[in-house]
Amino acid sequence: MTGFMLDMVARLTGATVKQLIHWDRTGLIRPSIAQAHGKGSRRVYSFLDVIAVKTAVTLRREGISLQKIRR
């Protein structure tokens, strides 16, 4: 399967695994290749998803709220 697994996305972007799971559950940034469907399933992110996560991480570090990022 091509794409980026959850732990790799966290390492590449500076986001925590917990943040990524939360953002997926709340719909902020969802993995577009494969979504989690219960225990043991894996999230797989595309390159564009990784860029979106990195952008969100950067904006959060600059003090932008999740509500503003969502818009």
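Everything here concerns the structure above.
A.B. asks: Just to check I follow, could you spell out the overall build of the protein chain for this structure?
C.D. replies: Within the protein chain one finds four helices and two strands. In terms of overall dimensions, the protein chain is globule-like: its C-alpha atoms have a radius of gyration of 12 Å, near the 11 Å expected for 71 residues. Counting only C-alpha atoms, the protein chain reaches 35 × 20 × 20 Å along its principal axes. Counting every position in the protein chain, which comprises 71 residues, the buried fraction comes to 31%. Taking the contacts inside the protein chain whose residues are at least 6 apart along the sequence as the reference set, 53% of them involve residues at least 24 apart.

A.B. asks: What is the right way to look at the side chain of aspartate 49 in this model?
C.D. replies: In this fold, aspartate 49 is placed in helix H3 (residues 47-61). For the buried residue aspartate 49, which engages in no salt bridge, the nearest side chain bearing the opposite charge is arginine 43, 11 Å off. Among the polar contacts made by the side chain of aspartate 49, one reaches the side chain of serine 32 at a distance of 2.7 Å.

A.B. asks: How do you make sense of the pattern of salt bridges when you look at a structure like this?
C.D. replies: Pairs may arise between side chains of opposite charge once their charged atoms sit close together. Enumeration over the complete set of coordinates arrives at three salt bridges. When the shortest N-O distance is used, the salt bridge between arginine 11 and aspartate 7 registers 3.9 Å. Taken together, the residues arginine 11 and aspartate 7, both in helix H1 (residues 6-13) and four residues apart, mark about one turn of the helix. Classification of arginine 11 as exposed rests on a relative accessible area of 58%. Given the relative accessible area of 42%, aspartate 7 is considered partly exposed. Of the charged contacts, one joins aspartate 24 and arginine 43 as a salt bridge, the two residues approaching to 2.6 Å between their closest N and O atoms. Taken together, the residues span a long stretch of sequence, with aspartate 24 in helix H2 (residues 17-26) and arginine 43 in the loop between H2 and strand E2 (44-45) at a distance of 19 residues. Residue class for aspartate 24 comes out buried when judged on its relative accessible area of 6%. Through salt bridges with shared partners, a single network forms among Asp24, Arg30 and Arg43.

Cut-off values and rules
- Residues numbered from 1 in each chain as written.
- Predicted model: local features only at pLDDT ≥ 70, side-chain atom pairs only at ≥ 80, totals over all residues.
- Heavy atoms only, no water.
- Helix = DSSP H or I, 4+ residues; strand = E, 2+ residues; numbered from the N terminus.
- Rg over C-alpha atoms; globule rule 2.2 N^0.38 Å.
- Buried < 20%, exposed > 50% of the residue type's maximum accessible area, 1.4 Å probe, protein only.
- Contact = heavy atoms within 4.5 Å.
- Lys, Arg positive; Asp, Glu negative; His and termini not counted.
- Salt bridge = Lys/Arg side-chain N within 4 Å of Asp/Glu carboxyl O.
- Polar contact = N/O pair within 3.5 Å; in protein donor to acceptor, adjacent residues only side chain to side chain.

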